[in-house]
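Structural features, examined
Below are the chains, spelled out letter by letter.
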Amino acid sequence: AQIGPPGLELQPTNGGVKVMVSPPEANQRKKMWINDLSFKYNLVFWENSSHAQLQSKRVFPVDTIDDLAPDSTYCFKVQANLPREGKEGLFSPTSCVKTTQKAVNGLLCATNLSVLALNMKFHLLWSSQGNQDVNYNVQYLLGYLKDLNDDYSDKWLSVPRCENITSTWCNFSSIITTTGFYYLRVQAREGHNKSCFSREVKVDPLKINGIGPPGVRLDLSDTLLHILISPPGGDEDEIMRDHYDLSYRILYWKNSSDMKEEVKQKEVKQTIATVPDVSPSSLYCVQVQAFSENYNKSSAYSQQQCIHTPAGTPLGLIIFGIFMGALLVVLLVATPLVFVFYQAYNKIKYVFFPSCQPPLNIE
């Protein structure tokens, strides 16, 4: 079955064009393609001039094309594709529209939006374009709404504690979950009449989030060095511990004033590791890195942690101590046994072998 052309509507906006795409069989009672949400739309557009260059972009059913020349005519056509089935549909008829001038309010817009994310703590940063007395309102949209065939312009929500702020950053960790993705934008306001929306930035939490270095604590017992690891974000951060399936890369070495031994490495899944046979009167140092193979992410190494092993006892003194201890045990056990055997020997000798000889008639 061939995928037919989708519907296309165009609407000029503030220096751009709003594109509204409807599925190929939107107005049919019987459909070959039952799930409209499975379509992916490829938009081709160009400036209607002699030196036109074709541009291609994947768009949502409702999307906006920016960075177009003002007061110019642009033409558009769109096709619906099914990537999983390897099918490409027919292009829609070409539609053209003339762009408008960008409003002066665009000078208020927040620019250079970026997201800083570490240990599931998310911050949105942006730049202002002047010294105006501007207030900012940060808004977010649930990502799946863009895949629907509906206009999502009224579905934007304000980020708590990021409304009417004058700073150029916002902590939006409170809205983040691990079950989806988001779009964020910043609305700039000057007074009651002038406002402008920034470009949108996409946030996929588990992909964009960075892993911080783990915590490390060292302990000693006998000749063992115990390395105790705290996951990034702390032991209570279940998202970091469970969703990333963290492993730990441990570097350890014996350090001295005149030399540093070769660095050794071991990898563990658990948060406790042991280094056997450590030398007495030595300084051991450790650094740990957390990494996730599933997401191909790794943290920086933790700060270097060191611990001194206690002074050891000379081998000859240990052997002498063991010998003296064993000798003392033997004496304590042997003395009563010798006394008991001596008394028993005297009784047996007195009864069966008396020292006096009886008369011959008694014998």
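A short tour of the structure in this document, coming up. Since this is a predicted model, take the numbers as computed values, not measurements.

1. Side note on the pairing of strand 1 (residues 7–12)
Relative to strand 2 (residues 17–22), strand 1 runs antiparallel, the two being bridged by six bridges. Across the sheet, Leu 10 pairs through a bridge with Val 19, a residue of strand 2.

2. Digging into the packing of aromatic side chains
All chains considered together, the criterion is met by nine aromatic pairs. Geometrically, the ring pair formed by Phe 60 and Tyr 183 is edge-to-face, given 6.2 Å between the ring centres and 85° between the ring planes. One end of the pair, Phe 60, is in the loop between strand 4 (55–59) and strand 5 (62–65); the other, Tyr 183, is in strand 14 (residues 182–190), with 123 residues separating them in the sequence. Classification of Phe 60 as buried rests on a relative accessible area of 18%. On the accessibility criterion, Tyr 183 (7% relative accessible area) is buried. Taking the centre distance of 5.0 Å and the plane angle of 65° together, the rings of Tyr 244 and Tyr 295 count as edge-to-face. Taken as a pair, Tyr 244 in the loop between helix 2 (238–243) and strand 19 (247–255) and Tyr 295 in the loop between strand 22 (283–292) and strand 23 (297–298) lie far apart in primary sequence, 51 residues in all. When its relative accessible area of 28% is taken as the criterion, Tyr 295 is described as partly exposed. Counting every residue linked through ring pairs, the aromatic cluster contains Trp 33, Phe 39 and Tyr 41. Above the ring of Phe 91, the side-chain terminus of Lys 77 is found at 4.7 Å from the ring centroid.

3. With respect to the state of the cysteines
Taken as a whole and assessed by the stated rule, the structure comprises four disulfides. Between Cys 285 and Cys 306 runs a disulfide, and the two sulfur atoms are separated by 2.0 Å. Its torsion about the S-S bond being 105°, the disulfide of Cys 285 and Cys 306 is classed as right-handed. Residue Cys 285 is found in strand 22, and its partner Cys 306 is found in strand 24 (residues 305–308); the two are separated by 21 residues along the sequence.

Here is what the cut-offs are and how they apply
Residues numbered from 1 in each chain as written. Predicted model: local features only at pLDDT ≥ 70, side-chain atom pairs only at ≥ 80, totals over all residues. Heavy atoms only, no water. Pairing = 2+ DSSP bridges. Helix = DSSP H or I, 4+ residues; strand = E, 2+ residues; numbered from the N terminus. Phe/Tyr/Trp six-rings, centres within 6.5 Å; stacked < 30°, edge-to-face > 60°. Buried < 20%, exposed > 50% of the residue type's maximum accessible area, 1.4 Å probe, protein only. Lys NZ or Arg CZ within 6 Å of the ring centre and 35° of its normal. Disulfide = S-S within 2.5 Å.

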